[in-house]
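# Observations on chain architecture
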Amino acid sequence: MAPVLVLWLAVCLSGTWAVDKGNFKTCDQSAFCKRQRALKPGESPYRALLETMELTNTRLTLQLINDNNKVRLLLELYRLQGNITRVKINELKPLKPRYEVPDVLIREPPTEPLSLLSQDENGVVLSLGAESQRVIISARPFRLDIMEGRDVVMSLNSRGLLAFEHLRMRKDTQADPEAEKKEEADPANQAEAAKEEEDKVEDGMWEETFKSHTDSKPNGPSAISLDFSLPGVEHVYGIPEHADTLRLKTTDNGDPYRLYNLDVFQYELYNPMALYGAVPVMLAHNAQRTTGIFWLNAAETWVDISSNTAGKTVFGKMLDYVQGSSETPQTDVRWISESGIIDVFIMLGPTPKDVFSQYASLTGTQAFPPLSALAYHQCRWNYNDQEDVQSVDAGFDEHDIPYDFIWLDIEHTDGKRYFTWDPHKFATPKEMLQGLVDKKRKMVAIVDPHIKVDTNYKIHNEIQSRGFYIKNKDGGDYEGWCWPGSAGYPDFTRADMRAWWASMFAYDQYEGSMENLYTWNDMNEPSVFNGPEVTMHKDAVHGAWEHRDVHNLYGFYVQMATAEGLIQRSGGVERPFVLTRAFFAGSQRYGAVWTGDNAAEWDHLKISIPMCLSLGLVGISFCGADVGGFFKSPSTELLVRWYQTGAYQPFFRAHAHLDTPRREPWLFGPENTALIREAVRQRYTLMPYWYQQFYHTKHTGEPVMRPLWVEYPQDPATFALDDEFLIGRDLLVHPVTEEGARGVTAYLPGKDEVWFDVQTFQKHNGAQNLYIPITMSSIPVFQRGGSIIPRKLRVRRSSTCMEHDPYTLYVALNPQRTAAGELYIDDGHTFNFEKKEFIHRRLSFANNILSSVNLAPDAQFSTSSWVERILILGASKPSKVTLKTADGQESQLEFDFDASMSVLTLRKPGMNAGADWTVTLQ
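Quick look at the structure, then. (Residues numbered from 1 in each chain as written. Predicted model: local features only at pLDDT ≥ 70, side-chain atom pairs only at ≥ 80, totals over all residues. Heavy atoms only, no water.)

### Description of the sheet that holds strand β52 (residues 894-898)
Ordered by their spatial adjacency, 11 strands build an open sheet running β51-β50-β54-β48-β47-β46-β44-β45-β49-β53-β52, and the pairing between neighbours is mixed. Unpaired on one side and paired on the other, β51 (890-892) and β52 mark the two borders of the sheet. Neighbour-to-neighbour, the strand axes of the sheet open up by a mean angle of 20 degrees, direction not taken into account. When strand β49 (residues 867-873) meets strand β53 (residues 903-907), the two strands line up antiparallel, connected through 5 bridges. (Pairing = 2+ DSSP bridges. Helix = DSSP H or I, 4+ residues; strand = E, 2+ residues; numbered from the N terminus. Axes fitted to C-alpha atoms, helices over the stretch in contact; angles between N-to-C directions.)

Okay, here's the thing in structure tokens:
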């Protein structure tokens, strides 16, 4: 390893363990953010030129003019299917094309007709079809309001913060001569505007320096900004990734939330700094309506949030109420991006689930993972060699803890050359993989997108000879430092590069790989150790575009190409599994995401909940955090609590830093081993339910792990909760995340609902704060009355070993003594479910009859699994229980009734899980 890199690593990995904020820009240090933020709300210089309006069946176009500099913009307005409005704003005649994000939308969104309701010199009113929804465009100043009935749902440019820095020649202070001809202006104004632009030239517009790095900005200033007002809204969510609360905070007294994919070493909590991924989607919610804003821009973006109720105490709000203060709560949001165009999708709900489906119609849904990927993953940087892998694998069997995947980090390669194996430590990778296959287990190996510059390395030579590397501003291959030392960065924005990359995963190309080897893409922000803010220079070149235009898409494309490679290597048969650190809108289509390099601290355990909830709200359901914390060493209490929390989060992986002591689950004494074993086993018993939730999100876009307000949208007590969550609709989890906790208080929602403790079966009423005394073995989890959840209670060494095992059904009755649920079964790993090869059944209980009905009569699949037990919670004692199967056969079932807990247990009913049947209680 080059001495410079060793020195750099020594500095970075020495015991500071804390983010160096000085490595990352604040808004003040980011010239375009500082410029835009200096604009204060007020009269907008933009007005709509109504005489230029053109309305076709599918869109409205209209020119806007900036009265200060006479530059014209083109506004396009679309009404999209499913209650979405799209607004695009670009320069009417840009000096050169401005970047528009490709590949994120799954198709060109289908439009619906817009119709003109009225028009005068002040503006136009258009109908959005449904429910008296209309768009009002006001001309001077330009403003756009979306109304429903008499209510304003959302306003654009109501605070006058629309800004569009037009592309111009260097030092060009003349107004656009075309515009001048068309629009005779007040010469004094023009001279002033021109002079202002001249004065501003030095202000980071044409060149910007941060620390030792200079950004040459060949295109000059190109930033865009637009404000949105949300009347009646006090709660906004989304725009991950930030280590912050679920409910976004106002940013008046600090920096805006930043969206710019960065490798942030040991990130700080509860602040708006950028992290590894960026999804420019925000949800707004109140008891009446949920809406969403999707700002489709891949450049560095800052989001300001302000609210007229921020900082008011409960007492202050009560005082307003008593005094009859008429101020409606309102949240104002402002988006600022460095380049590109304004392309925004306004998702009008009105329910949370409508917004999820609207966003899914634009960017797609979560990839349906192989079943085993939802099980437990064991990782560290690094398992040393094949013997180490074998011994860890054996340790799980010896201590009777199930796991499905073991992971290899960067040290498994030959000198950090990806797609290779260390010839000494991993000399016979296929033998190692076969050892895992024999136990129905799998492996993930890391493949990062920085490629060692080395003429003896096939991958590098191929990329270089094909011209696939990103270029520097002078036209040579861009090189930066990363794990291998000097590295090149493939241009994943190119479809031909992605196709080549995908082909490298073929079994005959990726030597030593087998069908049970899957992939992890790390460092794909991209991370450049010696670059500005530990990333790539913005003036690096991707074909016709600068890196600044595409930055937040890089990780999205890396994961896309990798997932495509895993699909192709199996001839399109097998579902891939790819974990990524960097992501963008649409990344959900390609696999899983984790929250990056966290630390073994209680606050990091706590923050994993809102971080994953925020990702789920914007389509990325397959989320998890490193169990135990990546940096530092957890206390045994923290480690146990983290396993208990992670067991109820979608992606369940333990991971640790190279410098930390080993922490396989059995290294902390038999008591802690038993506690961890129990948490992991709980995960495995619930695998049928987890799998069903992922099948559901594949079709709906609804988050698997979701905030309570999604299911209880009219209950304000749920709006800011982020220390508990739901899995699907039916399981409520309140993990223990406080050190030394003796009890937790969980909010159980739903005033006419009941919840059953899944351990004791004790019944609790909804709409209450329930204090729960706890011990080290407690994981407070509740099943909703009215639900039926399938489990598999025979836990084996991997989920694949449990494929044919029987089910136990947990039927939790609501106060009306009914319940419903589903059972979904397929082969667990191929795309055959798309060819209707699956079982999907509806389970329901009503009038003392439990039945299983086929939800997909046109689907074909058979299972050897059967139902071995049924528990009915909240039941009364029957005199007899009769099973009737599809062939009309009737038989009586044995049962036990626990009167103290009102639990009825039906033993060995024995029917096939895929069949029609009814069980009648008499």
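Picking up after the structure, the text goes on.
### Brief notes about the sheet that holds strand β26 (residues 479-482)
Spatially, β25-β27-β26 is the arrangement adopted by the 3 strands of the open sheet, whose pairing is antiparallel. Looking along the sheet, the strands with just one partner apiece sit at the ends: β25 (451-452) and β26. Pairing between β26 and strand β27 (residues 485-488): 4 bridges, direction antiparallel. If you follow W481 over to β27, its bridge partner there is S486.

### Focus: the nonpolar core
In this structure, F294, W501, F577 and Y643 are the most contacted members of the largest nonpolar core, which totals 175 residues. When residues no more than four places from it in sequence are discounted, the contact partners of F294 are V104, L105, P280, V281, D343, V344, F345, M347, Y359, L362, T363 and A585. Formed by 50 residues, the second largest nonpolar core is a distinct cluster that contains L126, V233, V236 and M282. (Core = buried A, V, L, I, M, F, W, Y, C linked by side-chain atoms within 4.5 Å. Buried < 20%, exposed > 50% of the residue type's maximum accessible area, 1.4 Å probe, protein only. Contact = heavy atoms within 4.5 Å.)

### As for the state of the cysteines
Inspection of every chain in the model, using the stated rule, returns 2 disulfides. Note that C27 is cross-linked by a disulfide to C33, the S-S spacing being 2.1 Å. Judged by the sign of its S-S torsion, about -100 degrees, the bond between C27 and C33 is left-handed. Both residues of the pair, C27 and C33, count as buried. The partner cysteine of C612 in its disulfide is C623, sulfur to sulfur 2.0 Å. Judged by the sign of its S-S torsion, about -75 degrees, the bond between C612 and C623 is left-handed. Of this pair, C612 sits in helix α13 (residues 602-617) while C623 sits in strand β33 (residues 623-624), and the two are 11 residues apart along the sequence. (Disulfide = S-S within 2.5 Å.)

### Some details on helix α10 (residues 495-503)
Looking only at α10, the buried set comprises M497, R498, W500, W501 and A502. For α10, the secondary structure elements touched by its buried residues are β25, α9 (458-465) and α12 (554-569).

### Description of the pattern of salt bridges
Taken as a whole and judged by the stated rule, the model has 59 salt bridges. Two residues, D477 and K471, come together in a salt bridge whose shortest N-O distance is 3.1 Å. For D477, a relative accessible area of 26% corresponds to the partly exposed category. The class of K471 is partly exposed, set by a relative accessible area of 22%. The shortest N-O distance in the salt bridge between D752 and K751 comes to 3.9 Å. One continuous salt-bridge network, built from bridges that share partners, spans D215, R258, E300, E338, E533, K538, E546 and R548. (Salt bridge = Lys/Arg side-chain N within 4 Å of Asp/Glu carboxyl O.)

### Some points on helix α7 (residues 386-398)
Two residues of an α-helix separated by three or four positions point the same way, owing to the 3.6 residues in each turn. Along its 13 residues, α7 runs 18 Å from first to last C-alpha, staying within 8% of the 18 Å computed at 1.5 Å per residue. What α7 keeps buried is the set Q386, D388, V389, V392, D393, G395 and F396. The secondary structure elements touched by the buried residues of α7 are β22 (376-378), β23 (405-408), α8 (429-437) and β24 (442-446). Capping the start of α7 is the job of one residue whose side-chain oxygen sits 3.2 Å from the backbone nitrogen of E387: D385. Among the residues trailing α7, D400 stands out with phi positive, at a value near 60 degrees. (Expected span 1.5 Å × (residues − 1). Polar contact = N/O pair within 3.5 Å; in protein donor to acceptor, adjacent residues only side chain to side chain.)

### Looking at the packing of helix α15 (residues 669-685) against helix α16 (residues 687-700)
Orientation of α15 relative to α16, taken along the N-to-C sense of each, is 55 degrees, at an axis distance of 5 Å. Between α15 and α16, the angle is such that the two are oblique. Contact with α15, carried on its side by R683, Y684 and T685, involves M687, P688 and W690 of α16 and no other residues of that element. (Parallel < 35°, antiparallel > 145°, perpendicular 65-115°, else oblique.)

### Some words on the environment of T250
Following the sequence through the fold, T250 ends up in the loop between β15 (235-238) and β16 (257-259). Overall, the relative accessible area of 35% leaves T250 in the partly exposed class. Residues contacting T250, with those up to four places away along its chain left out, are I305, S306, S307 and A310.

### With respect to the packing of α13 against helix α14 (residues 636-646)
Between two packed helices, what matters for the description is the angle formed by their axes and the separation of those axes. Where α13 meets α14, the closest approach of the two axes is 10 Å, and the angle between their N-to-C directions is 5 degrees. By the angle between their directions, the pair α13 and α14 is classed as roughly parallel. Along its contact with α13, which presents W602, H604, L605 and S608, the element α14 presents E637, L638, R641, W642 and T645.

### Describing empty space enclosed by the protein
The tally for this structure, following the rule as stated, stands at 7 cavities of 30 Å³ or more. Roughly 130 Å³ of internal volume is contained in the largest cavity. Lining the largest cavity we find 14 residues, and of these K25, H213, D215, P532 and K538 sit closest to its centre. Taken together, the residues of the lining of the largest cavity break down into 4 nonpolar, 5 polar and 5 charged. (1 Å grid on protein atoms, 1.4 Å probe; cavity = no way out; pocket = protein on both sides within 12 Å on 5 of 7 lines; lining within 4 Å. Points joined across faces, edges and corners; volume = space filled by probe spheres on them. Nonpolar A, V, L, I, M, F, W, Y, C, P; charged D, E, K, R; others polar.)

### Overview of the packing of aromatic side chains
Applying the stated criterion to the full structure yields 50 aromatic pairs. Summarising the aromatic geometry, the rings of Y267 and Y276 are spaced 6.1 Å apart at their centres and angled 75 degrees between planes, so their arrangement reads as edge-to-face. Its relative accessible area of 3% is what places Y267 among the buried residues. Judged by its relative accessible area of 0%, Y276 is buried. Where F396 meets Y403, the ring centres are 4.6 Å apart and the plane angle is 45 degrees; that geometry is what we call tilted. For the residue pair F396 and Y403, the accessibility class agrees, reading buried in each case. By the ring-pair criterion, three or more aromatic residues cluster together here, those being F405, W407, Y518, W520, F577, W594, F622, F651 and F694. Positioned above the aromatic ring of Y78, the side-chain terminus of R86 is 6.0 Å from the ring centre. Taking the ring centre of Y260 as reference, the NZ or CZ of K538 above it sits at 5.1 Å. (Phe/Tyr/Trp six-rings, centres within 6.5 Å; stacked < 30°, edge-to-face > 60°. Lys NZ or Arg CZ within 6 Å of the ring centre and 35° of its normal.)

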